[in-house]
Amino acid sequence: MRTDTKGNLYVTRNEGQAVVKFSPSGKILKKFTLNFSAPTNLELGGPQGKTLYVVGWCGIGVRWGSGCGCVQQFSVEAPGRALTLLQQGKPQLAQLKSG
């Protein structure tokens, strides 16, 4: 899970072939459909912090612990919170808020 500077939460849906973006109030704002079914992690990064990187096992219906790793990326509207805090020189806050 990761948050952006607007307080939105990005969550991988294991075996759901998606990442879901929730508003701070819990409303589903967007679903990012993946070309693989087992996402394992995500991060907001890139030059402006507005790239959502999703990693996982390649393929659809792949068993855990088998197959190759995949990465898929999407553009998002707001930069990642942890990256923004790190760039502002506040690494302690970034670790507490994102972990």
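These remarks concern the structure in this document. Note that this is a predicted model, so its numbers are computed, not measured. (Residues numbered from 1 in each chain as written. Predicted model: local features only at pLDDT ≥ 70, side-chain atom pairs only at ≥ 80, totals over all residues. Heavy atoms only, no water.)

**Some details on the nonpolar core**
Then, in step 1: Formed by Tyr10, Val19, Phe32, Leu34, Phe36, Leu42, Leu44, Leu52, Val54, Cys70, Phe74 and Val76, the largest nonpolar core amounts to twelve residues.
Then, in step 2: If sequence neighbours within four positions are ignored, Tyr10 has contacts with Met1, Arg2, Asp4, Val19, Val20, Lys21, Phe32, Leu42, Leu44, Leu52 and Val76. (Core = buried A, V, L, I, M, F, W, Y, C linked by side-chain atoms within 4.5 Å. Buried < 20%, exposed > 50% of the residue type's maximum accessible area, 1.4 Å probe, protein only. Contact = heavy atoms within 4.5 Å.)

**Focus: the pairing of strand E7 (residues 69-75)**
Within a regular strand, the side chains alternate between the two sheet faces.
Then, in step 1: What you see with E7 is a clean split: Cys70, Gln72 and Phe74 sit on the buried side and Gly69, Val71, Gln73 and Ser75 on the side with no burial.
Then, in step 2: Summarising the sheet, strand E6 (residues 51-57) and E7 pair through seven bridges and their orientation is antiparallel. Counted as the bridge partner of Val54 is Gln72 from E7. (Helix = DSSP H or I, 4+ residues; strand = E, 2+ residues; numbered from the N terminus. Pairing = 2+ DSSP bridges.)

**Some thoughts on the packing of aromatic side chains**
Then, in step 1: All chains considered together, the criterion is met by two aromatic pairs.
Then, in step 2: Ring geometry for Tyr10 versus Phe32: centroids 6.3 Å apart, planes at 35°, classification tilted. Of this pair, Tyr10 sits in strand E2 (residues 9-13) while Phe32 sits in strand E4 (residues 28-33), placing them 22 residues apart in sequence. Assigned by exposure class, Tyr10 and Phe32 land together as buried.
Then, in step 3: Through a chain of ring-to-ring contacts, the aromatic side chains of Tyr10, Phe32 and Phe74 assemble into a single cluster. (Phe/Tyr/Trp six-rings, centres within 6.5 Å; stacked < 30°, edge-to-face > 60°.)

**Structural notes on the sheet that holds E4**
Across a sheet, strands are paired by hydrogen bonds formed along the backbone, either parallel or antiparallel in direction.
Then, in step 1: The strand order across the open sheet built from four strands is E1-E2-E3-E4, with neighbouring strands paired in antiparallel fashion. Either end of the sheet is taken by a strand with one partner, and the two such strands are strand E1 (2-3) and E4.
Then, in step 2: Summarising the sheet, E1 and E2 pair through two bridges and their orientation is antiparallel. Following the sheet pairing, Thr3 is matched in E2 by Leu9.

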